[in-house]
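This is what each chain is made of:
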Amino acid sequence: MSLALVFLGPPGAGKGTQAKTCAERHRLFHVSTGDLFRQNLREETPVGLVARGFMDRGHLVPDEVVCAMVRGCLEAEETTEGFILDGFPRTISQAEALEEDLEQLERPLTSVVSFEIDDGMLMERLTGRLTCKGCSAPFHKTFNPPQEAGVCDDCGADLYTRDDDTEPAVAARLDEYHDKTAPLLGYYETRGLLRSVDAAQPVDGVSGALERALEDR
Ligand code: ADP
Ligand code: AMP
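As the structure is a computational prediction, the values presented were derived from the model and not from experiment.

1. Quick look at the overall build of the protein chain
Line of reasoning, step 1. Summing up its helical and strand segments, the protein chain has 9 helices and 8 strands in all.
Line of reasoning, step 2. Relative to the globule expectation of 17 Å for 217 residues, the C-alpha radius of gyration of the protein chain, 16 Å, shows essentially globular dimensions.
Line of reasoning, step 3. By its C-alpha atoms, the protein chain is 45 × 40 × 35 Å across when sized along the principal axes.
Line of reasoning, step 4. For the protein chain, the share of sequence-separated contacts (at least 6 apart) that also reach a separation of at least 24 residues comes to 69%.
Line of reasoning, step 5. With an accessible surface of roughly 10,800 Å², the protein chain has 49% of that area assigned to carbon and sulfur atoms.
Line of reasoning, step 6. Here the protein chain contributes 22 positively and 39 negatively charged side chains, and the mean placements of these two sets differ by 2 Å.

2. Quick word on the site of ligand 2
Line of reasoning, step 1. Surveying the vicinity of ligand 2 reveals 16 residues, the closest of which are Thr33, Arg38, His59, Gly87 and Arg90.
Line of reasoning, step 2. In this structure, an oxygen atom belonging to ligand 2 sits 3.0 Å away from a side-chain N or O atom of Arg162.
Line of reasoning, step 3. Arg173 places a side-chain nitrogen or oxygen 3.4 Å from an oxygen atom of ligand 2.
Line of reasoning, step 4. Ranked by the residues each element gives to the shell around ligand 2, the list is headed by helix α2 (residues 33-42), at 4 residues.
Line of reasoning, step 5. Here the shell around ligand 2 is composed, by residue class, of 6 nonpolar, 5 polar and 5 charged.

3. Quick notes on the packing of aromatic side chains
Line of reasoning, step 1. This model, assessed by the stated rule, comprises 2 aromatic pairs.
Line of reasoning, step 2. Summarising the aromatic geometry, the rings of Phe7 and Phe115 are spaced 5.1 Å apart at their centres and angled 55° between planes, so their arrangement reads as tilted. Residue Phe7 is found in strand β1 (residues 4-8), and its partner Phe115 is found in strand β4 (residues 111-116); the two are separated by 108 residues along the sequence. The same class applies to Phe7 as to Phe115, namely buried.
Line of reasoning, step 3. An angle of 90° between the planes, with centres 5.0 Å apart, marks the rings of Tyr187 and Tyr188 as edge-to-face.
Line of reasoning, step 4. On the accessibility criterion, Tyr187 (9% relative accessible area) is buried.
Line of reasoning, step 5. Tyr188 sits in the buried class, given a relative accessible area of 1%.

4. Let's talk about the pattern of salt bridges
Line of reasoning, step 1. Scanning the model with the defined rule gives 11 salt bridges in all.
Line of reasoning, step 2. Between Arg173 and Asp164 there is a salt bridge, and its shortest N-O distance comes to 3.9 Å. The residues Arg173 and Asp164 share a single accessibility class, namely buried.
Line of reasoning, step 3. Three or more residues joined by partner-sharing salt bridges are found here, namely Arg129, Arg162, Asp164, Asp165 and Arg173.

5. Focus: the site of ligand 1
Line of reasoning, step 1. Among the 19 residues in the neighbourhood of ligand 1, the closest are listed as Lys15, Thr17, Arg129, Phe139 and Gln201.
Line of reasoning, step 2. Gly12 places a polar main-chain atom, nitrogen or oxygen, 2.8 Å from an oxygen atom of ligand 1.
Line of reasoning, step 3. Contact between ligand 1 and Lys15: an oxygen atom at 2.8 Å from a side-chain N or O atom of the residue.
Line of reasoning, step 4. Within the complex, the protein chains bury 93% of what would otherwise be the 560 Å² of accessible surface of ligand 1.
Line of reasoning, step 5. Only α1 (15-26), β6 (138-140) and α9 (203-215) provide two or more residues apiece to the shell around ligand 1.
Line of reasoning, step 6. Among the residues making up the shell around ligand 1, the classes are represented as 9 nonpolar, 7 polar and 3 charged.

6. Comments concerning the packing of helix α5 (residues 92-105) against helix α8 (residues 183-190)
Line of reasoning, step 1. At their nearest, the axes of α5 and α8 sit 9 Å apart, and the two run at 35° to each other. Between α5 and α8, the residues in contact are Ile92, Ala95, Glu96, Leu98 and Glu99 and Pro183, Leu184, Tyr187 and Tyr188, respectively.
Line of reasoning, step 2. For the contact of α5 with α8, the residue count by class is 7 nonpolar, no polar and 2 charged.

7. Let's talk about the side chain of Asp86
Line of reasoning, step 1. Mapped onto the elements, Asp86 comes out in strand β3 (residues 83-86).
Line of reasoning, step 2. Although Asp86 is buried, it makes no salt bridge; Lys15 carries the closest opposite charge, 5.1 Å away.

Conventions used here
Residue positions are given per chain, counted from 1 along the sequence in the order it is written. The lettering of chains begins at A and the numbering of ligands begins at 1, in the order of writing. Given that the model is predicted, a residue must reach a pLDDT of at least 70 before its local features are reported, and side-chain atom pairs must reach 80 or more before they are shown or counted; all residues, however, enter totals for whole chains, interfaces and linings. With hydrogens and water excluded, all non-hydrogen atoms of the structure serve as input to the side-chain values. A run of H or I in DSSP counts as a helix once it spans at least four residues, and a run of E counts as a strand once it spans at least two, with each numbered from the N terminus. Radius of gyration here is computed from C-alpha atoms only, and the compact-globule reference equals 2.2 Å multiplied by the residue count raised to the power 0.38. Contacts: residue pairs with any heavy atoms within 4.5 Å of one another. In these tables, accessible area is a Shrake-Rupley quantity obtained with a 1.4 Å probe, and a residue counts as shielded only by the protein chains included in the view. For this count, His and the chain ends are skipped, Lys and Arg are scored as positive, and Asp and Glu as negative. Lys charges are placed at NZ, Arg charges at CZ, Asp charges at CG and Glu charges at CD. We define proximity as follows: a residue is near a molecule or strand when any one of its heavy atoms falls within 4 Å of that partner. Pairing of N or O atoms within 3.5 Å defines a polar contact, subject to two protein rules: one partner must be a possible hydrogen donor and the other a possible acceptor, and residues neighboring in sequence count only if both atoms are side-chain atoms. Note that Gly is not counted as nonpolar here; it falls among the polar residues with everything else outside the nonpolar set of Ala, Val, Leu, Ile, Met, Phe, Trp, Tyr, Cys and Pro and the charged set of Asp, Glu, Lys and Arg. Only Phe, Tyr and Trp rings are paired, with Trp represented by its six-membered ring, and only when their centres lie within 6.5 Å; those with planes under 30 degrees apart are stacked, over 60 edge-to-face, the remainder tilted. Categorising residues by exposure relies on relative accessible area from a 1.4 Å probe, with only protein chains included: less than 20% of the type maximum marks a residue as buried, more than 50% marks it as exposed, and the intermediate range marks it as partly exposed. One side-chain nitrogen of Lys or Arg within 4 Å of one carboxyl oxygen of Asp or Glu is enough to make a salt bridge. Between N-to-C directions, angles span 0 to 180 degrees; the directions come from axes that are lines fitted to C-alpha atoms, helices contributing only their stretch in contact.

Dropping the structure here:
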């Protein structure tokens, strides 16, 4: 059976970093709702225009907007061999909509990986993050610097600091996480899907823990 994964965890836990390498290793389609929204913002689509105000303030975009966007992705050919949902679902109502969509597509989730880390580490990770303008790969000024300053190792495009990687926006995003997303841990635990990894270790340690978690199905 192909892998159908959700990566769950607070902003800065390392979901995007791990999703990129895990998708390459297992040939999965990586769906990052944050990246999709930023692409919509750049292209000034109607979805991008709705999302902008919420994202700038570190708030969640309304469920119906996100769910419609993800539904479109799941119906696409690329996801049939397996996928990683990174940053979705983020509310119980999104999780319920996802369950329904996947039931219709007859592709139930195989695991939900919880990236466990204390809030105290997240501000430094996020305010030091550098993101690629081309392929969205995340780097870090100290913890994962690019080989050449300001340039993506993978695609050569410029790196930038996201508008919502500022202290006030990070604080709001963490509040949103604890208020609306953390309840999903119980939701997936009850369904027997939850696997935890210690996300406070260096990147390679997290990758090893993730592989072990994926074997436990
Ligand atoms: P998320 O997708 O969960 O928001 P990212 O994968 O973008 O998180 O990681 C946030 C920041 O932390 C990035 O700058 C990334 O380079 C860095 N990072 C990711 N994993 C680790 C790790 N295990 N140790 C230290 N820094 C990390
Ligand atoms: P991320 O790149 O995952 O950190 O997401 C950046 C921002 O995009 C979030 O702070 C939200 O404003 C928005 N966003 C991404 N995914 C979702 C989601 N599943 N539900 C609501 N808003 C989202």
